[in-house]
Amino acid sequence: MILKRSICLLVLASFCSFSFGQEIALSFHHLTSAQGLSNDTNSYVYKDSRGFVWVSSVDGLNRFDGHSVKVYRPDINSEHSIEGNIVSSNFYEDEDANIWFTTYGSINCYVRAFDHFISFQLKNVEGFTLTEDYRAFHLDEDNGLWVRTGLREGGLLHLFDINTQSDKIIGAIDGRRNYLLKDERKTAHVISTMFEERPGLEIKQVENGKIVNVQKYFKGQAGLPEMFLYNIFTEELDNIYLGSVDGLVQFSAITGKYEIYNSFEGNHLGRVWSVA
């Protein structure tokens, strides 16, 4: 596959080290529980417009100001504490500099002006409150927060309006990791991988608040191998990058062609967990 343009990818793989032709001096600021983090299991990091660094964990939310860490945890005596200990998504900043994210059981918004939180729980089509497996994955230009709740046959795709605080269920969705892409016509495509649960890639086309088309790949059909896929990076359907058990996958959903990159400068990549 020929790349349309040069693109720089940050790839987190399972190799141990690379040998470079020259030494590069790098400086890192290490931030662990020894420096005040609530927990050392941290999947998401975000630097906001005010310079604060937000770090997820499975034991509360961390905010680093460059000097110290402030930890936010649920407080049963406060109606404005964070809802839930396990931060399950990346962070999305709105035009008022408030921070939106999900914990395992709800949508949360950090209201910067008051240094507190408001939280929201969504409902299924029968009207029952959903309490598990929330994961926000995109905040769009219309202030719609795209959220997956549930997994497998119980998974639902929601579009939550952060201005009106209203929710629209778009349809069923599966996938441990989801990524939203809008094409040149502004049509939304939700790209989903199943992580290590099972192989495959799904692309759902969403128009007027409904799923109108579903395409499935890497499940042993249409000339594509069965493949376990992890995180996703793309800017167009013709050029999708996927972390996989076998290396970095470059895939075109337009042509169906793919290429696997499983080594770098003679070093085997192994599993590629994250692409950014």
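Everything that follows concerns the structure shown earlier in this document.
Note that this is a predicted model, so its numbers are computed, not measured. (Residues numbered from 1 in each chain as written. Predicted model: local features only at pLDDT ≥ 70, side-chain atom pairs only at ≥ 80, totals over all residues. Heavy atoms only, no water.)

### Points about the pattern of salt bridges
Turning to step 1, where the next piece is worked out: Within this structure, the stated rule accounts for twelve salt bridges.
Turning to step 2, where the next piece is worked out: Here lysine 70 and aspartate 115 are joined by a salt bridge, their closest N and O atoms 2.7 Å apart. You can see lysine 70 sitting in strand β5 (residues 69-72) and its partner aspartate 115 sitting in the loop between β8 (106-111) and β9 (116-120), a full 45 residues away along the chain.
Turning to step 3, where the next piece is worked out: For lysine 70, a relative accessible area of 34% translates into the label partly exposed.
Turning to step 4, where the next piece is worked out: Relative accessible area serves as the criterion here: at 31%, aspartate 115 is assigned to the partly exposed category.
Turning to step 5, where the next piece is worked out: A salt bridge links glutamate 197 to arginine 152; its shortest N-O distance comes to 2.9 Å. Highlighted residues: glutamate 197 in the loop between β15 (188-193) and β16 (201-207) and arginine 152 in the loop between β11 (144-149) and β12 (156-161), separated in sequence by 45 residues.
Turning to step 6, where the next piece is worked out: Each member of the salt-bridge network shares a partner with another, and the members are Arg152, Asp174, Arg176, Glu197 and Arg198. (Salt bridge = Lys/Arg side-chain N within 4 Å of Asp/Glu carboxyl O. Helix = DSSP H or I, 4+ residues; strand = E, 2+ residues; numbered from the N terminus. Buried < 20%, exposed > 50% of the residue type's maximum accessible area, 1.4 Å probe, protein only.)

### A word on the nonpolar core
Turning to step 1, where the next piece is worked out: Of all hydrophobic cores here, the largest spans 25 residues; its most connected members are Trp100, Ile107, Leu145, Trp146, Leu157, Phe160 and Val190.
Turning to step 2, where the next piece is worked out: Elements with a contribution of two residues or more to this core: β8, β10 (134-139), β11, β12 and β15.
Turning to step 3, where the next piece is worked out: In terms of residue count, the dominant contributor to this core is β10 (four residues).
Turning to step 4, where the next piece is worked out: Judged by nonpolar contacts, the second largest core, of 16 residues, contains Tyr217, Ile232, Ile240 and Ala253. (Core = buried A, V, L, I, M, F, W, Y, C linked by side-chain atoms within 4.5 Å.)

### Examining a nonpolar patch on the surface
Turning to step 1, where the next piece is worked out: The grouping of Val58, Ile86 and Tyr104 at the surface amounts to a nonpolar patch, some 240 Å² of accessible area in total.
Turning to step 2, where the next piece is worked out: Mapped onto the secondary structure, valine 58 falls in the loop between β3 (53-55) and β4 (61-64). (Patch = residues over 30% accessible without salt bridge, like charges linked within 9 Å, V, L, I, M, F, W, Y side chains within 5 Å. Areas by Shrake-Rupley, 256 points an atom, 1.4 Å probe, with all protein chains shown as cover.)

### Points about the sheet that holds β9
Turning to step 1, where the next piece is worked out: Taken together, the four strands give an open sheet; going across it, the order is β6-β7-β8-β9, and neighbouring strands pair in antiparallel fashion. Edge strands, defined here as strands with exactly one partner in the open sheet, are β6 (92-93) and β9.
Turning to step 2, where the next piece is worked out: Bridge analysis of strand β7 (residues 99-103) against β8 gives five bridges, and the strand direction is antiparallel. Following the sheet pairing, isoleucine 99 is matched in β8 by tyrosine 110. (Pairing = 2+ DSSP bridges.)

### Looking at the side chain of arginine 63
Turning to step 1, where the next piece is worked out: Here arginine 63 is to be found in strand β4.
Turning to step 2, where the next piece is worked out: Summary of buried charges: arginine 63 has no salt-bridge partner, and the nearest side chain of opposite charge, aspartate 115, is 4.1 Å away.
Turning to step 3, where the next piece is worked out: Excluding anything up to four places from it in sequence, arginine 63 contacts Phe52, Val53, Trp54, Ser68, Val69, Lys70, Tyr72, Tyr110 and Asp115. (Lys, Arg positive; Asp, Glu negative; His and termini not counted. Contact = heavy atoms within 4.5 Å.)

### Looking at the sheet that holds strand β13 (residues 166-172)
Turning to step 1, where the next piece is worked out: One open sheet accounts for four strands, arranged β10-β11-β12-β13; its pairing is antiparallel. Edge positions in the open sheet fall to β10 and β13, since each of these has one partner strand only. Adjacent strand axes in the sheet meet at a mean angle of 25 degrees when their direction is disregarded.
Turning to step 2, where the next piece is worked out: Pairing geometry for β11 and β12, over six bridges, is antiparallel. Paired with threonine 149 across the bridge in β12 is leucine 156. (Axes fitted to C-alpha atoms, helices over the stretch in contact; angles between N-to-C directions.)

### Observations concerning the pairing of strand β21 (residues 258-261)
Turning to step 1, where the next piece is worked out: In this structure, strand β20 (residues 247-251) lies alongside β21, joined through four bridges in antiparallel fashion. Looking at the pairing, glutamine 250 lines up with glutamate 259 of β21.

### Some remarks on the environment of asparagine 239
Turning to step 1, where the next piece is worked out: By the secondary structure assignment, asparagine 239 is in strand β19 (residues 239-244).
Turning to step 2, where the next piece is worked out: Accessibility expressed as a relative area gives 10% for asparagine 239, which makes it buried.
Turning to step 3, where the next piece is worked out: Distance in space between the C-alpha atoms of asparagine 239 and serine 252 is 5.1 Å, their sequence separation being 13 residues.

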